[in-house]
Amino acid sequence: MKSAGTPVGTAPAAQPDGDFFAATHYADWVRGSLHAMATRPNAIALYDSTISEPSGLLAELVAKALVIPSDEGGPRFGSRYVSVFANGNRFLVNALCARYGETPERLQTVTGVTGGLQLILRALVKPGERVLIENPGFKILSNLALEAGAVVDDLERPAPDFGVDPARVAAQLTPDTRLVVLTNPHNPTGTCLDHATLTAVARAAARVGALLVVDEVYGDFSRRPSTGLAAKLAPNIISLSSLTKVFGLFALKCGWMVADPDVLARIRARQPEGDVGVSKLAHAVAAHVLENADTFDRHWQAVMTATTPVLRRHADAMRQDGLIEGAVPASGCLYFPRIVGVADTWALTRYLWNQADLLVAPGDYFGLAGHVRLGYAGDAETLDKGLTRLHAGLRAWRNR
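Residues numbered from 1 in each chain as written. Predicted model: local features only at pLDDT ≥ 70, side-chain atom pairs only at ≥ 80, totals over all residues. Heavy atoms only, no water.

**Digging into the pairing of strand β4 (residues 107-110)**
The two faces of β4 match: L107 and T109 on one face and Q108 and V110 on the other face are all buried. Sheet topology places β4 next to strand β10 (residues 255-258); four bridges connect them, and they run antiparallel. Each bridged residue has a counterpart across the sheet, and for L107 the counterpart in β10 is V258. (Buried < 20%, exposed > 50% of the residue type's maximum accessible area, 1.4 Å probe, protein only. Helix = DSSP H or I, 4+ residues; strand = E, 2+ residues; numbered from the N terminus. Pairing = 2+ DSSP bridges.)

The following block contains the structure:
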């Protein structure tokens, strides 16, 4: 159990030289690693958790669709450049509804999953009330709840399958629990929960008047969008997602929240200004992206078709050598293997950086030491080189 102010994802004490591996939070570790990478041109990072940005596709779309020629005073923005103040960009909302089989009254656009969860917390959770959040997990979600003044209870997702037991959820719920927060597919492991499990968790939450929030930012990796979001399963489920991970379009700051209209009405009543960070320009671009989603779907599918066999080949080899444990997920772009015989993940990942010019994310940042999180949605050739370094580095670590 954590209360407001309790550190989450705590690293070793800071070193006097400013070693970024001493960062308390994952975001600070990433920022520090980017500065360090700039000084090492041969270094490889394998922690990225998103599809590589399709900047060429995005530039082409903007050039052709967003800005149109005009005989009166030069070029101008096209019809998708509309206000987002009331209910979001209507073209974007309609495109999202078409993609996920939703209706506009069940959908609100936001800047992303983080922005959506902040709205929910501010609207529905009072200081001192409880939020049940998975562990291991993406600790930013826990940190947001703590910043809102909530008490965070850990819902353990035990190795090796990292599933969720609805009975365990039910046992941990209290009359003061307002939210249960899950990621699906799971960040950091890529494990997918089926509809029966999510429905059972929602039913348990409903018995204490709680809502189930499902972060589905990786969802399109594991299902056809037309099968719908988790919010379709029960009236007390809120689905959150964005263009950040599957499409790789983090620059657009475009996300969405889907829920029963009564739930959205409660959120809007308490947070009438909505997500103030939503950009009229960015969401106009996002509308064009979603209206041309097939093009961007083909991009990520091509990336994963190239990279997934590379990861599986190296993972098989490292498992055969007894260096790692854990199956590669059936879909997605994350892998969270256990490093056999390693308890001090900080020391290992620092060693890999210093000896192999390789960055992998310590599992400690996600609540489980002894594991590392790998991302494999970038360039296949770079991934191959990086995983070769990881294999050799783990062997060298063992033989020190």
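**Focus on the side chain of E134**
With respect to the helices and strands, E134 occurs in strand β5 (residues 130-135). Assessed through its relative accessible area of 2%, E134 is described here as buried. Separated by 2.4 Å, the side chains of E134 and T183 make a polar contact. Among residues more than four places away in sequence, those in contact with E134 are K139, L155, R157, V181, L182, T183, H186 and N187. (Polar contact = N/O pair within 3.5 Å; in protein donor to acceptor, adjacent residues only side chain to side chain. Contact = heavy atoms within 4.5 Å.)

**Notes on the packing of helix α11 (residues 293-320) against helix α13 (residues 380-398)**
Two elements in contact, α11 and α13, have axes whose closest approach is 9 Å; the angle formed by their N-to-C orientations is 10 degrees. Between α11 and α13, the crossing angle belongs to the class labelled roughly parallel. For the pair α11 and α13, the contacting residues are A306, T307, V310, L311, R313, H314, A317 and M318 in the first and A380, L383, D384, L387, T388, L390, H391 and L394 in the second. Counted by class, the contact of α11 with α13 contains ten nonpolar, four polar and two charged residues. (Axes fitted to C-alpha atoms, helices over the stretch in contact; angles between N-to-C directions. Parallel < 35°, antiparallel > 145°, perpendicular 65-115°, else oblique. Nonpolar A, V, L, I, M, F, W, Y, C, P; charged D, E, K, R; others polar.)

**Structural notes on the nonpolar core**
Residues I238, L243 and V289 are the most contacted members of the largest nonpolar core, which totals 94 residues. Ranked by residues supplied to this core, first place goes to α11 with nine residues. With residues up to four places along the chain from it excluded, the contact list for V289 reads L58, L61, L243, F247, L249, L252 and F296. Core analysis: the next-biggest nonpolar cluster, separate from the first, contains 19 residues, V164, V180, L193 and A234 among them. (Core = buried A, V, L, I, M, F, W, Y, C linked by side-chain atoms within 4.5 Å.)

**Structural notes on the packing of aromatic side chains**
The description of an aromatic ring pair rests on the distance of the ring centres and on the angle between the ring planes. Applying the stated criterion across every chain, the model contains 18 aromatic pairs. Between the aromatic rings of Y351 and W397, the centroid separation amounts to 5.2 Å while the plane-to-plane angle is 70 degrees, which identifies the pairing as edge-to-face. Taken together, the positions of Y351 in helix α12 (residues 345-356) and W397 in helix α13 put the pair 46 residues apart, joining distant regions of the chain. The same class applies to Y351 and to W397, which are both buried. An aromatic cluster is built from F20, F21, Y26, W29, Y47, F162, F336, W346, W353, Y365 and F366, whose rings are joined through pairwise contacts. Over the face of the ring belonging to W353 we find R40, whose NZ or CZ atom lies 4.0 Å from the ring centre. The ring of Y81 carries K280 above its face, with NZ or CZ at 4.3 Å from the centroid. (Phe/Tyr/Trp six-rings, centres within 6.5 Å; stacked < 30°, edge-to-face > 60°. Lys NZ or Arg CZ within 6 Å of the ring centre and 35° of its normal.)

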